[in-house]
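One letter stands for each residue in the lines below.
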Amino acid sequence: MVVKINENYLLLKSSYIFAEIAQRVNKFQEENPKAEIIRLGIGDVTKPLPPTVLKEFKNAVDEMGQPDTFRGYGPEQGYSFLIQEIIKNDFQSRGIELDSDEVFISDGAKCDTGNIQEIFGLDNVVAVTDPVYPVYVETNVMAGRTGPMDEEGRYQKLVYLPCTAENDFVPSLPEEPVDLIYLCLPNNPTGTVLNKEELSRWVNYARENKSIILFDAAYEAYIQEDNIPHSIYEIEGAKEVAIEFRSFSKNAGFTGTRCAYTVVPKQVMAYDSEGKAQALNPLWNRRQTTKFNGVSYPIQRAAEAVYTLEGQSEIKEYINYYMENARIIRDSLKKIGLNVYGGVNSPYIWIKTPEGMDSWEFFDLLLNEVHVVGTPGSGFGPSGEGYFRITAFNTLENTKKAMERISKLSF
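Engineer: When you look at the packing of helix α2 (residues 51-63) against helix α9 (residues 297-305) in this model, what are you seeing that I'm missing?
Structural biologist: The geometry of α2 relative to α9 is characterised by a closest axis approach of 8 Å and an angle of 150 degrees between their N-to-C directions. Between α2 and α9, the interaxial angle falls into the category roughly antiparallel. Crossing of α2 over α9 shows right-handed handedness. Taking contact as the criterion, the partners of T52, V53, E56, F57, A60, V61 and E63 in α2 are, on α9, Y297, P298, I299, R301, A302 and A305. Residues of the contact of α2 with α9, tallied by class, amount to nine nonpolar, one polar and three charged.

Next comes the structure, spelled out in structure tokens:
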């Protein structure tokens, strides 16, 4: 007898895109130790935790040091004090009613969007927009829902919905029946948003076809325009067919402290082998209580502070700061003749690479010539080839410096 591996992992043809970037950048830095590298690649924030959040974080840590206020294991689903603030501020304020047991606090939207597939059968057909956040694809590959990758970079059995300049980066409804649909809006990496009428088409499709929408709203705080829904539950009937993922990482700086939440309405159903409808809420609850011990008490108290008047003011200031960076990037790159998308309702700017240059060639050009790091579009899927993502999450000073450097290049 020998120990056998999960051979689905062998279907992953390349390393996780951001790990590959880190390897290349580290190698370049070792060979060029005096080079000042500006990182506009990974979507990590640079602003520290907002003052109000930090204050409550420290207070909660102090509580953990006193016998009468110390807390051990908390509820796996999250403390009610945070859940109630989430419901009140993120949903009731938009006319959406949720029960407290429909909200699950977690350590990150990345984790939840990757783990949610565990509650679904392996024979489900999965649709993803292309380009796409790699976690949606790769966790389904690991689980065994796909076949090998073909020569064009597409995994067999996955349904890809191309999003390019030709269709304004707006995915078309699937032409074949699908069961699970991943939507990220505002989109990572393209910055695309859908208005209520456009998003309603997806909800109606899911209701008509008994599909489930896995709706990643991690960047909803960056929406600037009216008539753009911040939650899929603003659309009538969405509670029947959608699970929504939210995060405190990009709006409140929790990338290093880890806090997010997932909404699983009690109405959303899938079916067993006998065709009987089964509620997904208790399945996700079972998964979380079995495999997860919950987010720490100090972190949840810090997240609660996001919803205070002071916290809301502080994170609005941070969002405006990053969106000013996005404006500078957009204007600078347009000025030198590049085709630029996104950056209006999203902290991501999606760039068409110069003619004749693929994504990694553009990456190497920026790294080697001006010491600026972005993300090759090919890392987000086949339709990302020929594009490049830059984030607005660095400092204003570094953003300006990076644009000055890039502006000196000739394309």
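Picking up after the structure, the text goes on.
Engineer: Please clarify how the packing of helix α1 (residues 17-31) against helix α11 (residues 359-370) should be interpreted in this entry.
Structural biologist: For any two helices packed against each other, one specifies the crossing angle of their axes together with the interaxial distance. Contact pair α1 / α11: the axes reach a minimum separation of 11 Å and the direction vectors enclose 35 degrees. The element α1 and its partner α11 pack so that their crossing is right-handed. Contacts between α1 and α11 involve I17, E20, I21, R24, V25 and F28 from the first element and W360, F363, D364, L367 and N368 from the second. Residues belonging to the contact of α1 with α11 are distributed by class as follows: seven nonpolar, one polar and three charged.

Engineer: Please clarify how empty space enclosed by the protein should be interpreted in this entry.
Structural biologist: To find leftover empty space, a probe the size of one water molecule is rolled over the atoms. Tallied over the entire structure, the rule returns two cavities of 30 Å³ or more. When its volume is computed, the largest cavity comes out at roughly 80 Å³. Every residue along the wall of the largest cavity is listed here: T129, P131, C163, F169, P171, L183, C184, L185, N187, T190, T192 and L194. Within the lining of the largest cavity, the residues separate by chemical class into eight nonpolar, four polar and no charged. Roughly 40 Å³ of internal volume is contained in the second largest cavity.

Engineer: I keep staring at the environment of T46 and nothing clicks. Help me out?
Structural biologist: The residue T46 is located in the loop between β1 (38-39) and α2 in this model. Sequence spacing of T46 and K250 is 204 residues, and the spatial spacing of their C-alpha atoms is 10.0 Å. If we skip the residues at most four places from it in the chain, T46 touches Y322, F393, N394 and T395. Within polar-contact distance, the side chain of T46 engages the backbone oxygen of N394 at 3.5 Å.

Rules of the game
Residues numbered from 1 in each chain as written. Predicted model: local features only at pLDDT ≥ 70, side-chain atom pairs only at ≥ 80, totals over all residues. Heavy atoms only, no water. Axes fitted to C-alpha atoms, helices over the stretch in contact; angles between N-to-C directions. Helix = DSSP H or I, 4+ residues; strand = E, 2+ residues; numbered from the N terminus. Parallel < 35°, antiparallel > 145°, perpendicular 65-115°, else oblique. Left-handed = near helix turned anticlockwise from the far one by under 90°. Contact = heavy atoms within 4.5 Å. Nonpolar A, V, L, I, M, F, W, Y, C, P; charged D, E, K, R; others polar. 1 Å grid on protein atoms, 1.4 Å probe; cavity = no way out; pocket = protein on both sides within 12 Å on 5 of 7 lines; lining within 4 Å. Points joined across faces, edges and corners; volume = space filled by probe spheres on them. Polar contact = N/O pair within 3.5 Å; in protein donor to acceptor, adjacent residues only side chain to side chain.

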